[in-house]
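Results of the structural survey
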Amino acid sequence: IPYYGDAGSLASTLSMPPSRGVPSNSQVAVGQPNAATALQKVTGQPQAQSRPLQPQTQQAQQQQQQIHQQQTQQQQQHLQPNQNRAIHRINLSSIRHNYNAVQSSAAQQQCQVIVVVKADGYGHGAIQTAIHLVEQCDATAFAVATLEEGIALRRAFEEKFPLDPRTRILVLGAPVGYPHCFDTYLHNHIELMVSGPEVASSLAQWMVNHDGRRRAEVERVAERRKEEIMME
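Residues numbered from 1 in each chain as written. Predicted model: local features only at pLDDT ≥ 70, side-chain atom pairs only at ≥ 80, totals over all residues. Heavy atoms only, no water.

**As for the sheet that holds strand β3 (residues 115-116)**
Quick note on the threshold: Whether two strands pair depends on DSSP finding at least two bridges between them. Helix and strand labels come from DSSP, where a helix needs a run of H or I of at least four residues and a strand needs a run of E of at least two; each type is numbered from the N terminus.
The sheet built from three strands is open, its strands ordered β3-β4-β5 with parallel pairing. In the strand order of this sheet, the two ends are held by β3 and β5 (168-171), each with one partner. In terms of strand pairing, strand β4 (residues 141-144) meets β5 through four bridges, oriented parallel. In the strand pairing of β5, phenylalanine 142 is matched with isoleucine 169.

The structure is reproduced here in structure tokens:
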């Protein structure tokens with residue numbers, strides 16, 4: 001008999017509803033603390049006792065732990081982006097074939113081939129592609145988009161081929177911050193693109209200033225040597 005409230009305020013007798021199968025004139029004493037005992041007195045049938053929960057076996061616990069771990073791993077994989085969803089495979093033999101084909105056509109026209117490796121070699125890897133073509137195909141000229149790309153490629157060449165003659169590097173993009181950037185071009189042995197009359201005029205004035213160029217070159221060499229010593 002469900003009851004919500006203070007047990008002391010409940011009347012000493014309650015009428016059982018007919019729907020429970022108990023005569024309406026039957027009275028139930030509820031003074032006892034156990035309601036199941038009172039129900040037994042009315043119906044004459046003992047209330048079914050709930051069985052105590054049996055402790056889980058060690059094997060069942062291990063299975064549940066494995067299921068939980070698998071669910072956790074699946075959730076983590078779902079949340080984290082898949083880093084290997086796309087694979088870019090570079091066929092070096094195809095790169096060599098293409099270069100040799102272009103080189104053969106250019107030789108017939110007495111032209112030189114400049115390998116364009118801007119934007120990280122269009123996804124092929126600028127430095128890796130350039131070094132491979134120098135080693136395998138004797139490539140001698142490369143083009144990049146920015147001065148920063150040219151400097152990175154020059155550093156890679158100096159590290160890989162310290163005794164070989166300097167390979168040509170041309171920056172296709174317009175010079176930024178001229179005439180001061182001309183010192184950087186000269187210091188790193190990088191060719192620039194004269195993109196307009198303003199650049200040509202500034203370059204001509206810069207070339208006349210021999211003392212300024214020499215002073216800037218000495219300062220840059222000293223600064224670079226200082227950085228190499230600090231890294232050692």
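**Comments concerning unusual backbone geometry**
The condition that has to hold: Relative accessibility under 20% of the residue-type maximum defines a buried residue, over 50% an exposed one, and the middle range a partly exposed one, all with a 1.4 Å probe and only protein chains included.
Look at the link from tyrosine 178 to proline 179: it is a cis peptide, with omega at 10°. By secondary structure assignment, the location of proline 179 is in the loop between β5 and α7 (181-187). With a phi close to 55°, glutamine 110 is a non-glycine residue in the positive phi region. With respect to the element layout, glutamine 110 can be found in the loop between α3 (92-108) and β3. Note on glutamine 110: relative accessible area 76%, which makes it exposed. In this structure, aspartate 138 is a non-glycine residue whose phi angle is positive, near 60°. Within the secondary structure, aspartate 138 sits in the loop between α5 (126-137) and β4. The exposure class assigned to aspartate 138 is exposed, which follows from its relative accessible area of 60%.

**Topic: α5**
For an α-helix, 3.6 residues make a turn, and residues three or four places apart therefore share a direction. The condition that has to hold: An expected span of 1.5 Å times one less than the residue number is assigned to each helix. Between two residues, a contact is recorded if the distance between any of their heavy atoms is within 4.5 Å.
In this model α5 runs 16 Å from its N-terminal to its C-terminal C-alpha over 12 residues, within 8% of the 16 Å that 1.5 Å per residue would give. Where α5 is concerned, the buried positions are Ala126, Thr129, Ala130, Ile131, His132, Leu133, Val134 and Cys137. On its buried face, α5 sits against α3, β3, α4 (118-122), β4 and α6 (147-160). Positive phi appears at aspartate 138, one or two residues downstream of α5, with a value of about 60°.

**What about the pairing of β4?**
Neither face of β4 is left uncovered, since the one carrying Ala141 and Ala143 and the one carrying Phe142 and Val144 both have all their residues buried. Note that β3 and β4 share two bridges and pair parallel. Note that in β4 the partner of valine 115 across the bridge is phenylalanine 142.

**Here we look at the nonpolar core**
Quick reminder of the rule: We define the nonpolar core as a collection of buried residues of types Ala, Val, Leu, Ile, Met, Phe, Trp, Tyr and Cys that are connected through side-chain atoms lying within 4.5 Å of one another.
Judged by nonpolar contacts, the single largest core of 29 residues is most densely connected at Tyr99, Val115, Val117, Leu133, Phe142, Leu153 and Phe157. Elements with a contribution of two residues or more to this core: α3, α5, β4, α6, β5, α7 and α8 (197-208). Per-element accounting of this core gives the leading share, six residues, to α5. In this view, valine 117 contacts Ala126, Phe142, Ala143, Val144 and Leu153; residues no more than four positions away in its chain are not counted.

**Things to note about the packing of aromatic side chains**
Centre distance and the angle of the planes are the two values used to describe a pair of aromatic rings. Condition: Put simply, two rings from Phe, Tyr or Trp (the six-membered ring, in Trp's case) pair if the centres are within 6.5 Å, and we call them stacked under 30 degrees between planes, edge-to-face over 60, tilted for the rest.
Counting across every chain of the model gives four aromatic pairs. Their ring planes at 50° and their centres at 5.6 Å tell us that phenylalanine 142 and phenylalanine 157 sit as a pair that is tilted. With phenylalanine 142 in strand β4 and phenylalanine 157 in helix α6, the pair connects residues that are 15 residues apart, well separated along the chain. Overall, phenylalanine 142 belongs to the buried group, its relative accessible area being 0%. Relative to tryptophan 206, the ring of phenylalanine 182 lies with its centre 5.7 Å away and its plane at 65°, an arrangement referred to as edge-to-face. With phenylalanine 182 in helix α7 and tryptophan 206 in helix α8, the pair connects residues that are 24 residues apart, well separated along the chain.

**As for the packing of α3 against α5**
Packed helices, taken two at a time, are described by the angle between their axes plus the distance between the axes. Put simply, the rule reads: Each axis is a line fitted through C-alpha atoms, taken for helices only over the stretch in contact, and angles between the N-to-C directions span 0 to 180 degrees. Rotating anticlockwise by less than a right angle from the far helix to the near helix defines a left-handed crossing, while the corresponding clockwise rotation defines a right-handed one. Basically, the charged four are Asp, Glu, Lys and Arg, the nonpolar ten are Ala, Val, Leu, Ile, Met, Phe, Trp, Tyr, Cys and Pro, and anything else, Gly included, counts as polar.
It is at 11 Å that the axes of α3 and α5 come closest, and there the two elements cross at 65°. Judged by the sense of rotation from one axis to the other, the crossing of α3 with α5 is right-handed. Between α3, through Leu92, Ile95, Arg96, Tyr99 and Asn100, and α5, the contact on the second element is made entirely by Thr129, His132, Leu133, Gln136 and Cys137. Its residues placed into classes, the contact of α3 with α5 shows five nonpolar, four polar and one charged.

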